[in-house]
There are 2 protein chains.
Amino acid sequence: MKNQITIGLLGFGVVGSGVAKILQNHQEDLRHKLGVPVTIKKVLVKHIDKQRGTEFASDVFTNNLNDVINDPSIDLIVEVIGGTSEAKDAIERSLRAGKGVVTANKDVMAEYGMELLKLADENKCDLFYEASVGGGIPLIRTLEDGLASDRIRALTGIVNGTTNFILTKMKHENMSYEDALAEATELGFAEADPSADVDGIDAARKMVILASLSFSMEVRLEDVLVRGLKEIQDGDLELAAWFGYTVKLAGSAKKDVDGIEVAVEPVFFLNSHPLASVNNEYNAVYIYGDTVGETMFYGPGAGSLPTATSVTGDIIAACRNLLLGVNGKRLHAPQFERKVKSDSNRFSRYFHRIFVKDEVGVLSKLTAIYSEHGASLASVVQHPRKDGEGAELIFITHQMSRQQHLNIVNELNETSEVVSVLSHYRVEGEE
Amino acid sequence: MKNQITIGLLGFGVVGSGVAKILQNHQEDLRHKLGVPVTIKKVLVKHIDKQRGTEFASDVFTNNLNDVINDPSIDLIVEVIGGTSEAKDAIERSLRAGKGVVTANKDVMAEYGMELLKLADENKCDLFYEASVGGGIPLIRTLEDGLASDRIRALTGIVNGTTNFILTKMKHENMSYEDALAEATELGFAEADPSADVDGIDAARKMVILASLSFSMEVRLEDVLVRGLKEIQDGDLELAAWFGYTVKLAGSAKKDVDGIEVAVEPVFFLNSHPLASVNNEYNAVYIYGDTVGETMFYGPGAGSLPTATSVTGDIIAACRNLLLGVNGKRLHAPQFERKVKSDSNRFSRYFHRIFVKDEVGVLSKLTAIYSEHGASLASVVQHPRKDGEGAELIFITHQMSRQQHLNIVNELNETSEVVSVLSHYRVEGEE
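Within any chain, residue numbers begin from 1 and follow the written order of that chain's sequence. Chains and ligands are labelled sequentially in the order written, the chains with letters from A and the ligands with numbers from 1. Only residues with pLDDT of 70 or above have their local features reported here, since the model is predicted, and side-chain atom pairs are shown and tallied only from 80 upward, although totals for entire chains, interfaces and linings are computed over all residues. Think of the side-chain values as coming from all heavy atoms in the structure, minus any hydrogens and water.

With an unreviewed UniProt entry as reference, chain A is termed Homoserine dehydrogenase, source organism Filibacter tadaridae. UniProt positions are given in the numbering used here, feature names are shortened, and annotations may be inferred rather than shown by experiment. On record in UniProt, under Catalytic activity (unreviewed entry), the comment for chain A is "L-homoserine + NADP(+) = L-aspartate 4-semialdehyde + NADPH + H(+)". If you open the UniProt record of chain A and go to Sequence similarities (unreviewed entry), you find "Belongs to the homoserine dehydrogenase family."

In structure tokens, the structure reads:
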């Protein structure tokens, strides 16, 4: 039996330094849990001369991946570089070198997860990725182990801390989008280039990971309907509040006999819906299973230490397997064939906000369009525009297919009385 | 490598029949996950002739534990008998016979958990007990694996579905305690003898299990301060609502340098506190860790299928270990010495409701008592009693020790102007 576990850490940014800190501060606890010490032997960084104020000896740092991967004493690689190509390459080479990998990289796992898990399996190595979704919330483990016996039917959740922080500030402190984004950046919740977050791509990648695992099916990024914060128009948040809703950038995934549907988009949540009150950088995911019913998992979705807690949890799991000699024994091949629903099979309620000319009969004409498409309306509000130019019509529909919704929006945009459809959202919560 | 896993099921009540149903309905999924079939070979019941409407052949049922334990082809025992002595005996004998055990039994695990986990370890067997706490919510696994690298500082939660159902009905439907209990019994959430639930003992056992695991310390039932629903007096729920609070029977556990404190009692939660809106039979537990910060886990705390989902999750984990030949490899010995805080080291805000004679100077005299004991008041309300006999004084204090609280209540009860202290609660939520 091994008398210690040696780690190679790739990357020393916010998450990497957090991992090093936890491993150092909790060394005694880890030794109690595992029976052997866990030490970081090499840390891959870009600039080895940078001052980092750590307790590591200077020869721990290297800028050459080979120094880490070719060191036979290193058992486990922790990849927290981020990005795609360099990180994917490093994970691949680590697995080929027979080393287990723990990664926090949702970009790589969303795009190459199936391929890398297969490679891990072929090389009898563990590949763990808890920190790729939900920061400090142990979601992957819950889906893999806790709910292992159940059939997951649906997931709904807030899986991006940056956009949730921005929307919270906009709603509760009346901040502009720009100011809220600036504060998120300052607090370290948003990247220098925030586009992956605010455009919904980051959340979409996380939904790919969660949906693949939940439904035991290959889910691709192209299968996800993605709409980001730019879909939200001035006045939408206030309108939502007036109707008793809160706008959240939410991920959703469902599976039924027709296949799967996965989306990331700004959604109207009824204020009594628990996701409506998940604020700031927090994430929360509802999981609906055949036998368990409804469960919910909530926690910090961003930040150095919460994410590092998930990484370190994976490190402990990988260490246990290494010590027992059973690493790489969990096949992740999907059980079901990939099958994605068409827009005709995806049902929801919708909110439509329409800028119309102030003409006689416009309401009657527009409601007729809904009827012709077989859609029925739950709420209708007309109010004059603040600038005095024309009016706005708001419709909240009952359940209809996404195809009906798209057809209606198209026809509205071609109707002479309509200036434009300003915005549209899915609506969640009791009718 | 084994080519199948064979299970002996002890008990065929609500949980046992749920487990059988899940194993049967999800047979194909399990085979995909594990690579081998999982079958129930023997089911221990009291009356073998009872009609059960199952698909089991009649020779599967037995009323003799030896038939199960002495069957060399049975790998794993699933104990869902409930109760203490018979179940504990069955678990012990199973472990001594070298068979892994999955149990849903919080009574046994709270009282004999340490002893049984040690026995499992000595016999190189797994002993899993996810379903003993939180019904369908994977809490044990989260504490053992997901947050393995963290140091848990505190837990607060609703861990008893029956009492939460009763309190929800009393608050939201103005039901009497008796009617709410009757409905809980009818829906199968309350036992025929509900005393363990309503007196807080059931929740206390679950807190013993959670606190032992979270703090890596032996926690005993006698360490838990337990107050049940009978502490709630007529009018308390309305008073709580008037002040903006909701009363929940909550478990709490904290650890700091002075030791641990564990309690189950009716608590005033500020309505904005997320636990205030956990309703019906649902459970929810907040976990505060050094590095992860605040996480929350929510789900059905009672019911056949949710609990059976947790049991079946454990069965899968035990099967994986059996197939890998690594069962019984997780030592659970506590890392820290048992150390329980005194009442002088447990701090909280308190709500006191006092029946006083309608005399001049009573408010001044009573507030002086608080000052003398070094306690400061956040809210004071005086109102006449409905029956016209005297008045009621309500005090909500700032933080003080439980010792101060007890001393004050004692002195109030000995004060001539006080008829009696009607009720008192801990108060949770921002000051």
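A.B. asks: Got a minute to help me understand the UniProt feature "binding site: NADP(+)" (unreviewed entry) in chain A in this structure?
C.D. replies: All names here are of chain A. When the UniProt feature table is mapped onto this chain, "binding site: NADP(+)" (unreviewed entry) is found at Leu10, Gly11, Phe12, Gly13, Val14, Val15, Gly16 and Ser17. With respect to the helices and strands, the residue Val15 is situated in helix H1 (residues 14-25). The criterion used for residue contact is that any of the two residues' heavy atoms lie within 4.5 Å. Beyond its immediate stretch of four places on either side in the chain, Val15 contacts Val80, Thr307, Ala308 and Val311. Each helix is a run of H or I in the DSSP string that is no shorter than four residues. Each strand is a run of E no shorter than two, and both are numbered from the N terminus. Mapped onto the fold, Gly16 is located in helix H1. For Gly16, the contacting residues outside a window of four places in its chain are Leu9, Gly11 and Val80.

A.B. asks: Help me understand the packing of aromatic side chains in this model?
C.D. replies: Working definition: an aromatic ring pair is given by the centre-to-centre distance plus the angle between the planes. Residue and element names in this part refer to chain A. We call Phe, Tyr and Trp rings a pair once their centres come within 6.5 Å, taking the six-membered ring for Trp, and we label the pair stacked below 30 degrees between planes, edge-to-face above 60, and tilted otherwise. According to the stated counting rule, one finds 29 aromatic pairs over all chains in the structure shown. With a centroid separation of 5.7 Å and 40° between ring planes, the pair formed by Tyr245 and Phe268 is classed as tilted. Of this pair, Tyr245 sits in strand E9 (residues 245-256) while Phe268 sits in strand E10 (residues 259-270), placing them 23 residues apart in sequence. Each member of the aromatic cluster is reached from another via a ring pair, and the members are Trp242, Phe243, Tyr245, Phe268, Phe351 and Tyr425.

A.B. asks: What's the story with the packing of helix H4 (residues 85-96) of chain A against helix H5 (residues 106-122) of chain A in this structure? I'm lost.
C.D. replies: Residues and elements named next belong to chain A. Helix axes are fitted only over the stretch in contact, all axes being lines through C-alpha atoms; the angle between N-to-C directions runs from 0 to 180 degrees. Two elements in contact, H4 and H5, have axes separated by 11 Å at closest approach and are oriented at 10°. If you check the angle between H4 and H5, you find them roughly parallel. Contacts between H4 and H5 involve Ala87, Lys88, Ile91, Glu92, Leu95 and Arg96 on the former and, on the latter, Val108, Tyr112, Glu115, Leu116, Leu119 and Ala120. Any angle that is under 35 degrees is reported as roughly parallel, and any over 145 degrees as roughly antiparallel; angles of 65 to 115 degrees are reported as roughly perpendicular and all others as oblique.

A.B. asks: Just to check I follow, could you spell out the nonpolar core for this structure?
C.D. replies: A general trend in soluble globular proteins is that nonpolar side chains are found buried together. By convention a nonpolar core is built from buried Ala, Val, Leu, Ile, Met, Phe, Trp, Tyr and Cys residues, the set being connected through side-chain atoms within 4.5 Å. Summary of the burial criterion: residues with accessible area below 20% of their type's maximum are buried, those above 50% are exposed, and those between are partly exposed, where the area comes from a 1.4 Å probe applied to protein chains only. Leu127, Leu210 and Phe351 of chain A together with Leu127, Leu210 and Phe351 of chain B are the most contacted members of the largest nonpolar core, which totals 154 residues. When near neighbours in sequence (up to four residues on either side) are disregarded, Leu127 of chain B contacts Ile91, Leu95, Val101, Thr103, Met109, Leu116, Leu117 and Ala120 of chain B.

A.B. asks: Honestly, the pairing of strand E11 (residues 282-289) of chain A in this entry has me stumped. Any pointers?
C.D. replies: Residues and elements named next belong to chain A. Counting buried residues along E11, seven of its eight residues qualify, which places the element largely inside the surrounding structure. When DSSP locates at least two bridges between a pair of strands, those strands are taken to pair. Note: E11 against strand E12 (residues 293-300), eight bridges, orientation antiparallel. Of the residues in E12, the one forming a bridge with Tyr288 is Glu294. As consecutive antiparallel partners, E11 and E12 are separated by three residues.

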